[in-house]
Structures are given as structure tokens and as C-alpha cells.
Amino acid sequence: MLKSMTGYGAGSNEYFSVEIQAVNHKFSEIKISTPPFMTFLENKIKEYVQEKVNRGKLYIPINTKNSVTSSFNKFQIDHNLVKAYLDSFRQAGKSFRLKDDLKLSHIIGISNIISKNSDMEIKDKLWEWLKEPLNKAVEGLLSTRINEGKKIETELKLRINNIKELVAEIEKRTPQVILEYKEKLKNRLATLKIDKEFFDETRLYQEIAIFADKCDITEELVRLKSHIQQFDDTLAADKPIGRQLEFLAQELHREINTIGSKTGDIKIIQFVLQAKNELEKIREQIQNVE
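Residues numbered from 1 in each chain as written. Predicted model: local features only at pLDDT ≥ 70, side-chain atom pairs only at ≥ 80, totals over all residues. Heavy atoms only, no water.

*Asks:* For this particular structure, what's the right way to read the overall build of the protein chain?
*Replies:* In terms of helices and strands, the protein chain carries nine helices and six strands. Among the 290 residues that make up the protein chain, the fraction classed as buried is 34%. Pairs at least 24 apart in sequence give 81% of the contacts found in the protein chain among residues at least 6 apart. Only carbon and sulfur atoms are counted for the fraction: they give 51% of the accessible area of the protein chain, which is about 18000 Å². (Helix = DSSP H or I, 4+ residues; strand = E, 2+ residues; numbered from the N terminus. Buried < 20%, exposed > 50% of the residue type's maximum accessible area, 1.4 Å probe, protein only. Contact = heavy atoms within 4.5 Å. Areas by Shrake-Rupley, 256 points an atom, 1.4 Å probe, with all protein chains shown as cover.)

Written out as C-alpha cells, the structure is:
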């Protein structure tokens, strides 16, 4: 399926909002903007995105919400340890016949019963919280790329079919060029009123053969039709095809140029110019194909 390289996607939850903005690029380039405390996740984010996006220049701004900060400031109380302390205190109170007037304030100062989330716990939670909005943004990006890709594919098919028809016209016209050249030579000789006694007809056919060889475009036409077929096949492929289409467009341009340089026939030159115009439109479109 053909995909465009431009697109946009966004996703959010109670912790993060994520956007992905993509434009065309020869290779894969990803720029991520995160708060300073999240820079350790940037490589992981890149790997996650690159698994689904093969080519293009991506900008991914990631913004946090208040719930992330509040989660970092949460403290945990070891309830089992508190219970153990209370049981020991009460047992000691009974032993020494002390009044049981324990309050929460009495145990707050005890070491080890209160702890803050560890760095590892925070890192694990950040990635867990981020994955959902990041995935939504990626899926949104892919959706827009596919929709745009369908429009590009329609345009490419139209243009390559136009070139195919022009190549058929060139192929049809080619034998006629030789016949017309032969008639021109004969008419020229007749105009010059050269006596048949001094006219060598073998020489006439030699000139025609030289001309036919000089402007022979059979090989170019064969290669041109082969490249057009490859172009059609590539459009149907279920993989990133941008670079392959670029290569085929270069090959099509080379063969069309060669045909134009070999022929002196005005009609074929017109077909060549039309084909080059169609090919230029193709090359503009495939600059944005993944």
C-alpha cells in the first residue's frame, strides 16, 4: 500500500499529550521534544516509532499533565512495618502497664516506614503511561499517510498510463518515419532531375538503411515498456516503495531523452515532450512517497 510521507497524528491521556508532525525526507529523521526528566526515554520512543514509520522527517512534541508531577511526589508507607511497630509498642505497654495513647504523630518519625517512589519505578511508569498516547499519535499519522497515499497513487497511475499511451504512439509512428524519409529522397532526386543513367538506386537504399540505423529506437522502446511495467508492479507492492519509484523514474527519463535525441521526426518529438511533461509530474509526486 502506497503511503505519503506527510501526515499528522495526536494522542493523549491523563498523563501525556503527544503529537507527531511528518514531512517528506530522503531518509528517516526523528526529532523528539520532551521535558528534561524524560530524555532517557527518547531512544525508546524513536525505536517504537521507527518500527511503524520507515521514512520521513518527524517532529514529536511530548507534553506532560499535572497528574505526572503529582505521581512523582507520592510517598509510600510500609503498612506491614507500621503494624509490626504498633504491635511491639502495645506489647511493651501491657508489660509495663502503660496507658495506650499511641497516635499517628508518634510513628511518623520512625525511619524506613515512609519511602518515595524509586527512580526505576518512576521510569517504568513513565513509559507505561506514555505508550497509549504515543500509539494513538502513530496510528493517527499512519491513517493520514494512507489517505494521502491513495490520492498520490491515483495520480501516479493516471500519469504512467498517459506515458504508456504516448509510447504506443511513438512505436506506431516509427516505421512511418523511414517510409517518409524514403519518399523525401525520391522526391528530392526527382526535383533535381537527375538522369536515371547516372542514378544509383542501390545508393538510395544505402542512405535509407543508414538513416534507419541512426534513428533506430527499438531498444529504447523495449526498455521503456519494461520500466513502465515495473512501475505498475511496484505501485501494487505492499511495502515502502518511494526509493524504488525514484529509481524507475530516473530510468524512464533516460530512455525518453535518448528517444528524443535520436529522432528528427517532429511528431515523435512532440510525443517525447508530452511524455517528459507527464514524467515530471510523476517525479514531483513520488518525492512524497514513503
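*Asks:* Sorry if this is basic, but what is going on with the packing of aromatic side chains here?
*Replies:* The relative placement of two aromatic rings is captured by the distance of their centres and the angle of their planes. Across all of its chains, the model carries two aromatic pairs by this definition. Geometrically, the ring pair formed by Y15 and W129 is stacked, given 4.1 Å between the ring centres and 10° between the ring planes. Here the residue Y15 occupies a position in the loop between β1 (7-12) and β2 (16-23), and W129 occupies one in helix α5 (residues 119-192), the gap between them amounting to 114 residues. Summarising the burial analysis for this pair, Y15 and W129 share the class buried. Between Y48 and W127, the ring centres sit 5.9 Å apart and the planes meet at 80°, which makes this aromatic pair edge-to-face. (Phe/Tyr/Trp six-rings, centres within 6.5 Å; stacked < 30°, edge-to-face > 60°.)

*Asks:* When you look at the packing of helix α8 (residues 242-262) against helix α9 (residues 266-286) in this model, what are you seeing that I'm missing?
*Replies:* Helix-helix packing: each pair is described by the crossing angle between the helix axes and the interaxial distance. At a closest axis distance of 10 Å, the pairing of α8 and α9 adopts a crossing angle of 165°. Judged by the angle between their axes, α8 and α9 are roughly antiparallel. Crossing of α8 against α9: the hand is left-handed. Contacts between α8 and α9 involve L245, E246, A249, Q250, L252, H253, I256, N257, I259 and G260 on the former and, on the latter, I268, V272, A275, K276, L279, R283 and I286. Taken together, the residues of the contact of α8 with α9 sort by class into ten nonpolar, four polar and three charged. (Axes fitted to C-alpha atoms, helices over the stretch in contact; angles between N-to-C directions. Parallel < 35°, antiparallel > 145°, perpendicular 65-115°, else oblique. Left-handed = near helix turned anticlockwise from the far one by under 90°. Nonpolar A, V, L, I, M, F, W, Y, C, P; charged D, E, K, R; others polar.)

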